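Architecture at a glance
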Amino acid sequence: MMRTVVRNTFYIHTFGCQMNQADSGIITALMRQEGYSPAESEDEAGIILLNTCAVRENAVDRIENYLQRLQGLKKRHKGLIVGVVGCVPQFQKEEMFSISPAIDFLAGPDKYRSLPLLIEQVRAGLRPLSLEFNSAETYEGIDPVRQGSISAFVPVMRGCNNMCAFCVVPFTRGRERSHPFTSVISEVRQLVASGYREITLLGQNVNSYSDPEEGRNFAVLLDAVSREAPMARIRFTTSHPKDISEALVRTLADHPNLCNHIHLPVQSGSTRMLELMNRGHTIQEYREKLALIRSIIPGVVLTTDIIAGFCGEQEDDHQATLELLSDVRFDLAYMFFYSERPGTLAARTLEDDVPEPVKKRRLQEIIDLQNRISEELYQGAVGTVVEVLAESESKRSSQQLMGRTATNRVVVFDREHYQTGERLNVLITSATSATLIGKPDHAANHVV
Ligand code: SF4
């Protein structure tokens, strides 16, 4: 049966990373300002926005599948408008329209302020797109609408000036630009006043932050955020190895509420591959950064990203990656095999010459080794007491809560009388390679 939708209600489906989740909060705030209100579900919405991510393989396939469903919904819901926003249309441009007749308009990551105008244009019978980069756009002055009341993301910079050969971000999010120091601090102040217990500073290349007003760097920003929110845990992601400075590491060591976890993507253990990837550092330099971090922050936990089978990778490059993992013993790694993204530096200049079975075999060896290391590290935590911020009910049982340590390890523990948002000591009684399991320890005298 044909149904008329509530015209000025919207529903956002978010794909991809934390940055996209944060952007959906900005879009929600912008739409509300213009008199639109969020719908409970896409079934009730007059406007459906797909906030898309182009980083992973099959991004377009996933969106295509989703759009097919929306096409059916459009037949039943008269007047339903579908907009595709974010990185994928920015990258695909008007070709995106050919993917599905369900798409009414396109908007890039710098054009969210245009959404009300685009919607009006659709209602006037057009099929518009707005994809220009705006290197001044930081959405300053927009108070994002956040999910939940415990953890909040605070974007501090957008875009990226690096040109890693495998990465689409420079083409989808444009040049790097940082939010003013004063506006980050006032956002943090508001979050503290609203009772948030954990704040994550976000950016594609967060540690290259540079205050546009007075040039203050990321170490100075972290120091100020830490003082502004002394009772909250402060995290940040994602960092580039070349922008890890001694001042930044010392700042992390100096403030107990700055979490002692650093996610530092390396991608490969071979300098030759890092050069081909255009990462801007050698493996020796990367190892030196880790040694510096470990010498200054006792108990720091390190995590990383790995790409197996990048263009030109030989067996000894792969062995160098395995060697790096064995030496460093990262807590966790996000591991993928290389797949070419059209338009990237690698797609334009390098041959994707490692056969897929070889890529898959190398990736499996990397995963097997890393899982073994993670399991050993997690088993090593059995019998210790860790401080956990309870985030949600465990997926498996309402009698258990799920939380994280300051080092970002997931902990599932007996609920007893504890509530989400509380910080408590948990005695770890068992572990898998990805989760610590335990029970509250009220008499804890050893907190790690
Ligand atoms: S640092 Fe490299 S991998 Fe990270 S967003 Fe920039 S170009 Fe992409």
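Residues numbered from 1 in each chain as written. Predicted model: local features only at pLDDT ≥ 70, side-chain atom pairs only at ≥ 80, totals over all residues. Heavy atoms only, no water.

Considerations on helix H2 (residues 59-76)
An α-helical segment advances 3.6 residues per turn. Residues three or four places apart therefore align on the same side. With 18 residues, H2 should cover 26 Å at 1.5 Å per step; its first-to-last C-alpha distance of 26 Å lies within 8% of that length. The complete set of buried residues in H2 reads Ala59, Ile63, Tyr66, Leu67, Leu70, Leu73 and Lys74. The buried residues of H2 all sit within an arc of 110° when viewed along its axis, so they share a single face. When the buried face of H2 is taken as reference, the exposed residues oriented beyond 90 degrees from it are Asn65, Gln68 and Lys75. (Helix = DSSP H or I, 4+ residues; strand = E, 2+ residues; numbered from the N terminus. Expected span 1.5 Å × (residues − 1). Buried < 20%, exposed > 50% of the residue type's maximum accessible area, 1.4 Å probe, protein only. Arc of directions from axis to C-beta.)

Details of the sheet that holds strand S16 (residues 332-337)
Ordered by their spatial adjacency, three strands build an open sheet running S14-S15-S16, and the pairing between neighbours is parallel. The open sheet has two edge strands, strand S14 (261-263) and S16, and neither has a second partner. Between one strand axis and the next, the sheet turns by 10° as a mean value, whatever way the strands run. In this sheet, strand S15 (residues 301-308) lies alongside S14 in parallel orientation, the contact comprising three bridges. (Pairing = 2+ DSSP bridges. Axes fitted to C-alpha atoms, helices over the stretch in contact; angles between N-to-C directions.)

With respect to the domain arrangement of the protein chain
As far as domains go, the protein chain holds domain 1 (3-130), domain 2 (151-379) and domain 3 (385-440). Using only C-alpha atoms to locate each centre, domain 1 and domain 2 end up separated by 30 Å. The interface of domain 1 with domain 2 comprises 17 residues on the first partner and 19 residues on the second. Together, the buried faces of domain 1 and domain 2 total about 1,600 Å²; carbon and sulfur atoms form 60% of this surface. Inspection of the region where domain 1 meets domain 2 yields three salt bridges. Between aspartate 23 and arginine 173 there is a salt bridge, with its nearest N and O atoms 3.1 Å apart. Viewed at the interface, domain 2 and domain 1 are joined by five residue pairs in polar contact (both at pLDDT 80 or more). When residues of the side of domain 1 that touches domain 2 are traced back to their parent elements, those giving at least two are helix H1 (18-33) and helix H3 (87-92). (Domains from an automatic or database assignment. Contact = heavy atoms within 4.5 Å. Buried area = accessible area lost by both parts, 1.4 Å probe. Salt bridge = Lys/Arg side-chain N within 4 Å of Asp/Glu carboxyl O. Polar contact = N/O pair within 3.5 Å; in protein donor to acceptor, adjacent residues only side chain to side chain.)

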